[in-house]
Amino acid sequence: MRVVIVEDAEAAGRRAAEEIADLVRRKPNAVLGLATGGTPVRCYHELVRMHREEGLDFSQVHTFNLDEYLGLAPDHPQSYRYFMQSHLFQHINVPQENTHLPDGLTKDVDATCQQYEEQIRSAGGIDIQLLGIGSDGHIAFNEPGSSLASRTRLKSLTAETIRDNARFFGSEADVPQLAITTGVGTILESRVCLMLATGQQKATAVREAIEGAVSARVTASALQLHPQSIAVLDEAAAAELDFADYYRRAEQLRESLRGAS
Ligand code: F6R
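We now turn to the structure provided with this report. Numbers given for residues are sequential positions, taken from 1 along each chain in its written order. Given that this is a predicted model, residues contribute local features only at a pLDDT of at least 70 and side-chain atom pairs are listed and counted only at 80 or more, while totals for whole chains, interfaces and linings are drawn from all residues. Only heavy atoms go into the side-chain values, all of them from the structure, while hydrogens and water stay out.

Helices and strands together make up the secondary structure of the chain, namely eight helices and 10 strands. Relative to a compact globule of 261 residues, whose C-alpha radius of gyration would be 18 Å, the chain shows 17 Å and is just as compact. Along the longest, intermediate and shortest principal axes, the C-alpha atoms of the chain span 55 × 40 × 35 Å. Out of the 261 residues in the chain, the part that is buried amounts to 54%. Between two residues, a contact is recorded if the distance between any of their heavy atoms is within 4.5 Å. Here the contacts in the chain between residues at least 6 apart in sequence split such that 79% fall between residues at least 24 apart. We get accessible surface area from the Shrake-Rupley algorithm with a probe of 1.4 Å; when it comes to residues, only the shown protein chains can shield them. Surface exposure of the chain reaches about 11,800 Å², of which carbon and sulfur atoms provide 48%. Charged side chains of the chain number 25 positive and 36 negative; the gap between the two group centres comes to 4 Å. Per the convention used, a helix needs a DSSP run of H or I reaching at least four residues, while a strand needs a run of E reaching at least two, with both numbered from the N terminus. Just to be clear, the radius of gyration here is over C-alpha atoms, and the globule rule we use is 2.2 Å times residues to the power 0.38. Buried, partly exposed and exposed residues are distinguished by accessible area as a fraction of the type maximum, computed with a 1.4 Å probe on protein chains only: under 20%, between the cut-offs, and over 50%, respectively. By the counting rule applied here, Lys and Arg register as positive and Asp and Glu as negative, while His and the ends of each chain are not counted. Charge placement uses NZ in Lys and CZ in Arg. For Asp and Glu, CG and CD serve respectively.

Attention now moves to the packing of helix α2 (residues 41-54) against helix α3 (residues 80-87). Across the interface, α2 lies against α3 with an axial gap of 10 Å and an inter-helix angle of 40°. Judged by the angle between their axes, α2 and α3 are oblique. Taking contact as the criterion, the partners of V41, Y44, H45 and V48 in α2 are, on α3, F83, M84 and H87. In terms of residue class, the contact of α2 with α3 is made up of five nonpolar, two polar and no charged. Axis definition: a line fit to C-alpha positions, over the contact stretch in the case of helices; interaxial angles, taken between N-to-C directions, run 0 to 180 degrees. The cut-offs work like this: below 35 degrees is roughly parallel, past 145 is roughly antiparallel, 65 to 115 is roughly perpendicular, and the gaps in between are oblique. When residue character is reported, Ala, Val, Leu, Ile, Met, Phe, Trp, Tyr, Cys and Pro are called nonpolar, Asp, Glu, Lys and Arg charged, and the others, Gly included, polar.

Glancing now at the environment of A250. Within the secondary structure, A250 sits in helix α8 (residues 244-260). In this structure the C-alpha to C-alpha distance between A250 and V3, which are 247 residues apart in sequence, comes to 8.8 Å.

A separate point is the packing of aromatic side chains. Pairing of aromatic rings covers Phe, Tyr and the six-membered ring of Trp, with a centre-to-centre limit of 6.5 Å; geometry is then stacked below 30 degrees between planes, edge-to-face above 60, and tilted otherwise. A full pass over the atoms with the stated rule returns six aromatic pairs. The rings of Y69, Y80, F141 and F169 are connected pair by pair, giving a single aromatic cluster.

Let's shift gears to the site of the ligand. Neighbouring the ligand are 15 residues, the closest being T39, D67, H138, A140 and K202. Interatomic distance of 2.8 Å between a side-chain N/O atom of T36 and an oxygen atom of the ligand. Counting of polar contacts relies on pairs of N or O atoms within 3.5 Å, with two restrictions inside protein: one atom must be capable of donating a hydrogen and the other of accepting it, and residues adjacent in sequence are counted only when both atoms are side-chain atoms. K202 is positioned such that a nitrogen or oxygen atom in its side chain is 2.6 Å from an oxygen atom of the ligand. Here the ligand has 410 Å² of accessible area as a free molecule, and 94% of this is covered by the chains. Among the residues forming the shell around the ligand, the class breakdown is five nonpolar, seven polar and three charged. Neighbouring residues are identified by heavy atoms, a residue being near a molecule or strand if any of them is within 4 Å of it.

It is worth spelling out the pairing of strand β9 (residues 192-197) at this point. Counting buried positions along β9 yields six of six residues, so the element is predominantly enclosed. Side-chain alternation along β9 places V192, L194 and L196 on one buried face and C193, M195 and A197 on a second face that is also buried. Strand pairing is assigned whenever DSSP identifies at least 2 bridges connecting the two strands. Taken together, the five bridges between β9 and strand β10 (residues 229-234) define a ladder with parallel strand orientation. Bridging across to β10, M195 finds its partner in A231. Handedness of the β-α-β unit built from β9, helix α7 (residues 203-211) and β10 comes out right-handed. Call a crossover right-handed when, viewed with both strands pointing away from you, the route from the first strand across the helix to the second goes clockwise.

This part covers the pattern of salt bridges. We define a salt bridge as a contact between a side-chain nitrogen of Lys or Arg and a carboxyl oxygen of Asp or Glu at a distance within 4 Å. Overall, the coordinates contain 17 salt bridges when judged by the stated rule. R49 is paired through a salt bridge with E53; the nearest N and O atoms lie 2.9 Å apart. Placement of the pair is R49 and E53 together in helix α2, with a separation of four residues, close to one helical turn. On the basis of relative accessibility, which here comes to 28%, the residue R49 falls in the partly exposed class. Between R191 and D127 there is a salt bridge whose closest N-O contact spans 2.7 Å. A residue pair is termed long-range when its members are at least 10 positions apart, and R191 in the loop between α6 (184-188) and β9 and D127 in the loop between α4 (109-122) and β6 (128-131) qualify at 64 residues. Using a relative accessible area of 41% as the deciding quantity, one classes R191 as partly exposed. Taken together, the shared-partner salt bridges connect D22, R25, E46, R49, E53 and E54 into one network.

The antiparallel open sheet is built from three strands, whose spatial order is β4-β8-β7. One side of each edge strand has no neighbouring strand; the edge strands of this open sheet are β4 (67-69) and β7 (153-156). Within this sheet the neighbouring strands show an average axis-to-axis angle of 30°, counted without direction. Sheet topology note: the β7/strand β8 (residues 178-181) ladder contains four bridges and is antiparallel. Paired with S156 across the two strands is L178, which belongs to β8.

Here's what the structure looks like:
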């Protein structure tokens, strides 16, 4: 896994946005895999800025989000659809019909999950998948114990995730216990996986994901099996990495090679 360590959360968000913007410039009809939560907010603000100030064009882009809470309507302020509308979609020129999230109000979960996989496939697959990481090491809502070959399906959230996400809802009791999530197998089929992690509360999960054993205990560790995965970390999230100095030096070398070419 390529590991990019930057100074703070602001710089991490900018770095992730640059990766996405580079892709959209090279491939205007790119398929973006998107995440919600606190971590990607700065990345989305930067993409909005690039759209407004630099004319970054999303008119042919398609998006697929990782997950949605079961039982929340799209206009529920804590639904992931609402999050995406307010942080990104309504501020850029992506056509609404090109944006996809699992239907949290579905009456037929299995059919919805299958259909979501088919929609991703028929869009040509995901070009870049933006990911956060849970403090229990999850990607999307693939909680500890999830199959590393899993596909889109219904998952129950762990007590730790419910506790973590209570900050958005006001209380733990209000956090839905179930979500529709893309699987680890679905995520690994993306052409590039970009995991963004910021803050000291993610440092242990980040170490286990990047330098620990590949294990269903920490589903983010499955990214080690992906040939094109990048972790963008701020100093706080990188604090427990054994090989942080090596990753920094490798990035400097990569930069100097780029400068020389
Ligand atoms: C959100 C998602 C989750 C979050 C993770 C980290 O779509 O799939 O895996 O990325 O829970 O959340 P934050 O960024 O709020 O710490």
